[in-house]
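Residue strings, one per chain:
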Amino acid sequence: MLRKLIALDMRAFARQLQWIAPIYGLLLLSALLLRGFNLPVVGVVAYVLALIGTALLIPAVLVLGIVRYYRHLYSHQGYLTHTLPVTASQRYHGKLISGSIMYAAATLMALAGVAVLMMTKGIARGDVFGKILVFFRGVESILAYLNISSFAAALFLLGVWLVIFLSTFALYSLCITAGMGRLFSRMGMGGPFIVYLLVTLINQVAGVVSFLLIPLSLRIAVAGDGIRLKIVVGFALRQLLEMGFKNQQMTFDELMTLGGGYVDFGLGSIVIGLAFIVFSYFFTKRQLAKVNLR
Amino acid sequence: MSKLLEIQELTRRYGPRRGVENISFALKEGEIVGLLGPNGCGKTTLIKLVMGLLQPDSGSVLIQGRVPREAHHLISYLPENTYLGEWMAMEEAFRIFGDFYADFDRAKAERMLGEFQLDSRQPLKTMSKGMQEKAHLALVMSRHVPLYILDEPMSGIDPAARQSILDGILQNYNPGSSLLLSTHLISDVEMLFDRVVFLDDGYVRLDRYVEDLRAEEGRSVDEYFRRLYAPAKGGVHAS
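Note that residues are indexed from 1 along each chain, following the sequence as it is written. Lettering for chains starts from A, numbering for ligands starts from 1, and both go in the order in which the items are written. Restriction of local features to residues with pLDDT of at least 70 applies here, the model being predicted, together with a cutoff of 80 or more for giving and counting side-chain atom pairs; totals for whole chains, interfaces and linings are based on all residues. Note: side-chain values were computed over all heavy atoms of the structure, leaving out hydrogens and water.

## Quick notes on the overall build of chain B
- For chain B, the count of helices and strands is 8 helices and 9 strands.
- Along the longest, intermediate and shortest principal axes, the C-alpha atoms of chain B span 50 × 35 × 35 Å.
- Residue burial is assigned from relative accessible area. The probe radius is 1.4 Å, only protein chains are included, and a residue is buried under 20% of its type maximum, exposed over 50%, and partly exposed in between. The burial tally for chain B puts 55% of its 239 residues in the buried class.
- Taken as a whole, chain B presents about 10000 Å² of accessible surface, with 46% of it coming from carbon and sulfur.
- One way to put it: in chain B the 28 positive side-chain charges average out to a point 3 Å from where the 34 negative ones average out. Only runs of H or I of at least four residues qualify as helices and only runs of E of at least two qualify as strands under DSSP, and these elements are numbered from the N terminus. Computed by Shrake-Rupley with a 1.4 Å probe, the accessible areas treat only the displayed protein chains as cover when residues are assessed. Charged-residue counts in this description rest on Lys and Arg as positive and Asp and Glu as negative, His and the chain ends being excluded. Charge coordinates come from a single atom per side chain, which is NZ of Lys, CZ of Arg, CG of Asp or CD of Glu.

## Description of the interface of chain B and chain A
- Contact criterion: two residues are considered in contact whenever any of their non-hydrogen atoms come within 4.5 Å of each other. Opposite the 29 residues of chain B that make contact, chain A presents 25 residues.
- Summing both sides of the interface, chain B and chain A together bury roughly 2400 Å²; the carbon and sulfur share of this comes to 58%.
- A per-residue breakdown of the area chain B buries against chain A is headed by Leu53(B), Tyr83(B) and Phe100(B), which together make up 28% of the total.
- In the sections that follow, a salt bridge refers to a side-chain nitrogen of Lys or Arg positioned within 4 Å of a carboxyl oxygen of Asp or Glu. Summed over the shared surface of chain B and chain A, the result is 2 salt bridges.
- With a closest N to O distance of 2.9 Å, Arg11(A) and Glu92(B) form a salt bridge.
- Under the rule applied, a polar contact is a pair of N or O atoms within 3.5 Å (in protein, one hydrogen donor and one hydrogen acceptor; residues adjacent in sequence only if both atoms are side-chain atoms). The tally of links between chain B and chain A comes to 12 residue pairs in polar contact (both at pLDDT 80 or more).
- The set of elements that each furnish at least two residues to the side of chain B that touches chain A consists of strand 1 (3–14), helix 1 (43–51) and helix 2 (90–100) of chain B.
- Among the elements that make up the side of chain B that touches chain A, the one with the highest residue count is helix 2 of chain B (6 residues).
- The nonpolar class holds Ala, Val, Leu, Ile, Met, Phe, Trp, Tyr, Cys and Pro. Asp, Glu, Lys and Arg form the charged class, and all remaining residues, Gly among them, are polar. For the side of chain B that touches chain A, a count of residues per class yields 14 nonpolar, 7 polar and 8 charged. For any pair of parts, buried area is found by adding up, for both, the accessible area (1.4 Å probe) each one loses once the two are put together.

## Looking at the pairing of strand 6 (residues 147–151) of chain B
Residue and element names in this part refer to chain B.
- Among the 5 residues that make up strand 6, 5 are buried, leaving the element largely enclosed by the rest of the structure.
- Where burial is concerned, the two faces of strand 6 agree: the one with Leu147, Ile149 and Asp151 and the one with Tyr148 and Leu150 are both buried.
- Sheet analysis places strand 6 next to strand 7 (residues 178–183), joined by 5 bridges and oriented parallel. Residue pairing across strands places Leu150 opposite Leu181, the latter belonging to strand 7. In short, DSSP must find at least two bridges between two strands for them to pair.

## So, the domain arrangement of chain A
Residues and elements named next belong to chain A.
- Domains assigned within chain A are domain 1 (1–147), domain 2 (148–212 + 270–294) and domain 3 (215–266).
- Centre-to-centre separation of domain 2 and domain 3, based on C-alpha positions: 30 Å.
- Across the contact, 4 residues belong to domain 2 and 7 residues belong to domain 3.
- Both faces considered, domain 2 and domain 3 share a buried interface measuring about 420 Å² in area, 82% of it formed by carbon and sulfur atoms.
- On inspection of domain 2 and its partner domain 3, the count reaches 0 salt bridges.
- Inspection of the domain 2/domain 3 interface yields 0 residue pairs in polar contact (both at pLDDT 80 or more). Domain delimitation in this document rests on an assignment produced automatically or drawn from a domain database.

## Points about the confidence of the model for chain B
All names here are of chain B.
- Along the chain, pLDDT gives the predictor's confidence residue by residue, from 0 to 100. Confidence in the prediction for chain B averages 86 pLDDT; 96% of positions are at 70 or higher.
- Taken as a whole, residues 233–239 scores under 50 in pLDDT and shows 15 contacts with residues more than four places along the chain or in a different chain.
- Taken over the whole predicted complex, pTM reads 0.85, whereas the ipTM for its chain interfaces reads 0.86.

## Description of the pattern of salt bridges
- Inspection of every chain in the model, using the stated rule, returns 22 salt bridges over all chains.
- The partner of Asp9(A) in a salt bridge is Lys95(A), and the shortest N-O contact between them spans 2.8 Å. Of the two residues, Asp9(A) sits in helix 1 (residues 2–36) while Lys95(A) sits in helix 4 (residues 88–125), which places them 86 residues apart along the sequence. For the residue pair Asp9(A) and Lys95(A), the accessibility class agrees, reading buried in each case.
- The partner of Arg195(B) in a salt bridge is Asp207(B), and the shortest N-O contact between them spans 2.9 Å. In this pair, Arg195(B) is assigned in strand 8 (residues 195–200) and Asp207(B) in strand 9 (residues 203–209), connecting sequence segments 12 residues apart.
- A relative accessible area of 34% means that Asp207(B) is categorised as partly exposed.
- Each member of the salt-bridge network shares a partner with another, and the members are Arg13(B), Arg18(B), Glu21(B) and Asp201(B).

## Section: a nonpolar patch on the surface
- In this scheme, patches are assembled from residues that exceed 30% relative accessible area and form no salt bridge. Like charges are connected within 9 Å, while nonpolar side chains (Val, Leu, Ile, Met, Phe, Trp, Tyr) are connected within 5 Å. Together, Val41(A), Val44(A), Val45(A), Val48(A), Leu49(A), Ile52(A) and Leu56(A) make up a nonpolar patch on the protein surface, roughly 600 Å² of accessible area in all.
- Position of Val48(A) relative to the elements: it lies in helix 2 (residues 42–74).

## Focus: the sheet that holds strand 2 (residues 226–233) of chain A
All names here are of chain A.
- An order of 2-1-3 is seen for the 3 strands of this open sheet, with the pairing classed as antiparallel. In this open sheet, the two strands that pair with only one neighbour each are strand 2 and strand 3 (262–266). Here the average twist between neighbouring strands, direction ignored, is 25°.
- The sheet contact formed by strand 1 (residues 216–223) and strand 2 spans 8 bridges and is antiparallel. Helix axes use the C-alpha atoms of the stretch in contact, all axes being lines fitted to C-alpha atoms, and the angles between their N-to-C directions lie in the range 0 to 180 degrees.

## Describing the sheet that holds strand 1 of chain B
Residues and elements named next belong to chain B.
- With respect to topology, 3 strands assemble into an open sheet ordered 2-1-4, the strand pairing being antiparallel. Two strands bound the open sheet, and with one partner strand each, they are strand 2 (17–28) and strand 4 (58–63). Neighbour to neighbour, the strand axes of the sheet diverge by 15° on average, direction disregarded.
- Against the sheet, helix 1 engages strand 1, strand 2 and strand 4, with an angle of about 120° to strand 1.

## Some points on the environment of Ala93(B)
Residue and element names in this part refer to chain B.
- Mapped onto the elements, Ala93 comes out in helix 2.
- Owing to a relative accessible area of 0%, Ala93 belongs among the buried residues under this scheme.
- When the C-alpha atoms of Ala93 and Leu139 are compared, they prove to be 7.8 Å apart, with 46 residues separating the residues in sequence.
- When residues no more than four places from it in sequence are discounted, the contact partners of Ala93 are Leu84, Met88 and Leu139.

## A look at unusual backbone geometry
- Of note, the phi angle at Asn147(A) is positive, near 60°, even though the residue is not glycine.
- For Asn147(A), the position within the fold is in the loop between helix 5 (130–146) and helix 6 (150–179).
- Here Asn147(A) falls in the partly exposed class, since its relative accessible area comes to 38%.
- Although it is not a glycine, Gln64(B) adopts a positive phi angle of roughly 45°.
- Its place among the elements puts Gln64(B) in the loop between strand 4 and strand 5 (75–78).

Dropping the structure here:
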């Protein structure tokens, strides 16, 4: 049944993609041709439009995910979704998995877009992949400076990419589900916004508290020509207090010298963020089983 | 006949306002029950509680001994408003029902749609309210289930379309199944019912077999309903 729920969502997504994909493709193609052949003004305009389109692609798909979550579960379509012979858990996982597939599709489209935009100037110079090669060389030197392997960097980026989606999904699924629940039944669409404000406030406070109470930090230390990153058990606040709050305009080298060769950044807020994702997962799944449609 | 649907002391409030209050009744297999009452008396609330779309404050609902959220495969439900996406054509709706309900009879649905002179490729947003209601009815009546629940299937529809919908229900209803139909348009459908349950401001005001009611009161259900809900004229008392 989960597979069928995902297929149902994907059909709806494909319908939306029918509009998004051709428009985005057209933007990229016009940028590639007009800027690629150095046409003044229109070339720049096409390039900027394609750049904006690329930047908006992933946020747009995340927003579509929010709209779809609300529509399928809490608008009149909820009367169908909640009476299908599937469990609340399957309903939740269906939205989570289909959302992640759409996010992955949008990411791939955006990456392809970035590659196309990098190629635009190279076409006129007869060096199509020049900028892409320069980009990868730049990445290589940054990784060498940070003393990180390509594999570790790829894993880190994949993790960040996944956490962005999971935290977004955790936030909107919780806000909509709780906001459309019985407690906020008289507030219409205002319910999810109120829950969003409450959750944001709690997350902010928890972030500050976690900085004070969770002894986990990212240590950035000088190592030869580059720097070394390491996760350590300890309060970043301790070093901050030792260093004092005198000068906020310090250079990186001055900061390192003052910190005794390293600087700690507190990771408590990241721990809180991950805890929120776990909390939202169990809370929202449970609430979906006790729906109160209006 | 054994009990198919059992509702016991069911209460649901919306803040200070009463939705349904301490309602108990049972539906036996093969019975056709009319859930009747004026607008706002709690019919839709009761149906939503039976479907698990609302949670009760107290009391219980059991469908063949299961709680609502575990009994969706036993019920074919027609809500008051459309529950399909407006962009959707019936072809897509048939696909969804075929995917999720093993008991969905696509051939029957297509035949019903043909009888209603509707095109399965026409998007819902281009259909009139009457056409949408017929399309939904084709979908819902094409499942083979023990219980059909239809919430106001004829409200806001012209008399000709109403008759067509009524025919659709009569011709496609499986005699072995039970039907719970809510309406305030009683005269159109009263010949369908074995039993009627009258709701009033969240309470069950009357629960009687139609034959008994006609014999004892000497009136049609519609006439009885009109008298019962005419407070200024001193309505008759429910037994």
